[in-house]
Amino acid sequence: MKATVLENKAVLTYKDVPTPEPGPGHVRLKVKAISICGSDIKRYVDGHRMYPLILGHENSGVIDRVGEGVSESYIGKHAAIIPLVPCFECEQCQRGYYSACHSYSFIGSRQSGGFAEFVDLPERNDLILPDALSFEHAALIEPSTVARHMLDLGDFKSRQTAIVLGAGSIGLMAVQWLRILGAKLIIVTDILEDNLQIASRLGAHVTLNPSKVDVIKEVQRLVGDGADLVLEATGVPQVLEQTLSITRPRGRVVLAGNQPLDRSLPLTFIENMMRREIGLIGCFMSYSAPFPGHEWTETIAALLNGSLDMDTMISHRYPLSKAPDVFERIGAHELAHQKIILNPEETA
Ligand SMILES: [Zn+2]
Ligand SMILES: [Zn+2]
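What you see is a predicted model, and the numbers here were worked out from it, not measured in a lab. (Residues numbered from 1 in each chain as written. Chains lettered and ligands numbered in written order. Predicted model: local features only at pLDDT ≥ 70, side-chain atom pairs only at ≥ 80, totals over all residues. Heavy atoms only, no water.)

(A) Inspection of helix α7 (residues 215-223) at higher detail. Residues V215, V219 and V223 constitute the buried set of α7. Angularly, the buried residues of α7 cover 35° about the axis, an arc narrow enough to put them on a single face. More than 90 degrees from the buried face of α7, the exposed residues found are K217 and R221. Turning to α7, the residues buried within the fold contact β11 (161-165), β12 (185-189), β13 (206-208), β14 (227-232) and α8 (237-242). Two or three places before I216, at the opening of α7, D214 has a side-chain oxygen 3.1 Å from that residue's backbone nitrogen. (Buried < 20%, exposed > 50% of the residue type's maximum accessible area, 1.4 Å probe, protein only. Helix = DSSP H or I, 4+ residues; strand = E, 2+ residues; numbered from the N terminus. Arc of directions from axis to C-beta. Contact = heavy atoms within 4.5 Å. Polar contact = N/O pair within 3.5 Å; in protein donor to acceptor, adjacent residues only side chain to side chain.)

(B) How the structure looks around a nonpolar patch on the surface. Together, L267, I270 and M274 give the surface a local cluster of nonpolar side chains, amounting to about 340 Å² of exposed area. Tracing the backbone shows I270 in helix α9 (residues 268-275). Given a relative accessible area of 36%, I270 falls into the partly exposed group. (Patch = residues over 30% accessible without salt bridge, like charges linked within 9 Å, V, L, I, M, F, W, Y side chains within 5 Å. Areas by Shrake-Rupley, 256 points an atom, 1.4 Å probe, with all protein chains shown as cover. Salt bridge = Lys/Arg side-chain N within 4 Å of Asp/Glu carboxyl O.)

(C) Highlighting the side chain of S109. Counting through the fold element by element, S109 comes out in the loop between β8 (105-106) and β9 (118-122). Overall, S109 belongs to the buried group, its relative accessible area being 5%. When neighbours within four sequence positions are excluded, S109 is seen to be in contact with R43, H48, R49, M50 and L53.

(D) Highlighting the coordination of the zinc ion (ligand 1). Protein coordination at the zinc ion (ligand 1) comes from C37 (SG), H57 (NE2), E58 (OE) and E142 (OE), with a distance range of 2.2 to 2.5 Å. Its 4 donor atoms give the zinc ion (ligand 1) angles of 85 to 164° at the centre, a pattern that matches the irregular case. Expressed as a motif, the donor residue spacing for the zinc ion (ligand 1) is C-x19-H-E-x83-E. Linking C37 in the loop between β3 (26-35) and α1 (38-46) with E58 in strand β5 (residues 58-66), this pair joins segments that are 21 residues apart in sequence. (Donors = N, O, S within 2.8 Å, 3.2 Å for Na, K, Ca; no water. Tetrahedral: all angles 85-135°; square planar, octahedral: opposite > 155°, others 65-115°.)

Dropping the structure here:
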């Protein structure tokens, strides 16, 4: 089969690789749509723990083959990848904290992923979908679940006020979930006007560009002492430092942006957090019990009833064979994008 393989830091090749055969307890997905994740781009730009690796974990397709012990009735069913492969046995898995599993695998990071014509999955890692869902929309289920999980971690309640920092794909998914779950006010910040326009279309009430306005002052004007919930989805240290100043006392900040690890925060940050009794909560992936969690079933329901708008999130579509070129342009900051869909069936 054809696949796009990360062979070294910033070396991505579209080539022939052996087609996987599903082993016992596994299924094989014939891939119909792939969405590029920010983490795929990070693995390409910064390098990764292992080579060669087929990247990709935001996929949908049709189950075309099953391994020993898996019901043949799965064949022909539409499915999306659930990328986390927890052990289901350790202390954290027993608690339902699957993303804190002591010995997990991850499709597209620690084992072959979905930038390919076929992908092999444990049966528990296929999310069976109604046929009515489009493959492109289904490829965007995973990033939606991360945003939904952030709202859970932030204990979001309807009629609360929220600020989303960063209108990339996770930020935009968060805007949608805040709208769906009845936020009273959704404020979004981003330095790119295009991203802010999309955020408005998806439900943001106010958009702020920090390169043009003083975000802290604007937030004070709009919500006084700060918002109930602040979602950090930029991974930019200066933005992280501002989070507490725009969160009300006893409010919550949920962090999902990957920060540069060679930077540090002044301890005035902790002082501020203590004085305002703000809850600072980390978010890693999107899982809850029973696996993979309500984040996933709610996303399917929101896609079926039309409340989650995936079409507005998709900025580009390419054949999978173009992935090396697409990543090169992204790495060189020559391709401003939202979600990019790759199609393994189209030939360039
Ligand atoms: Zn992802
Ligand atoms: Zn475990």
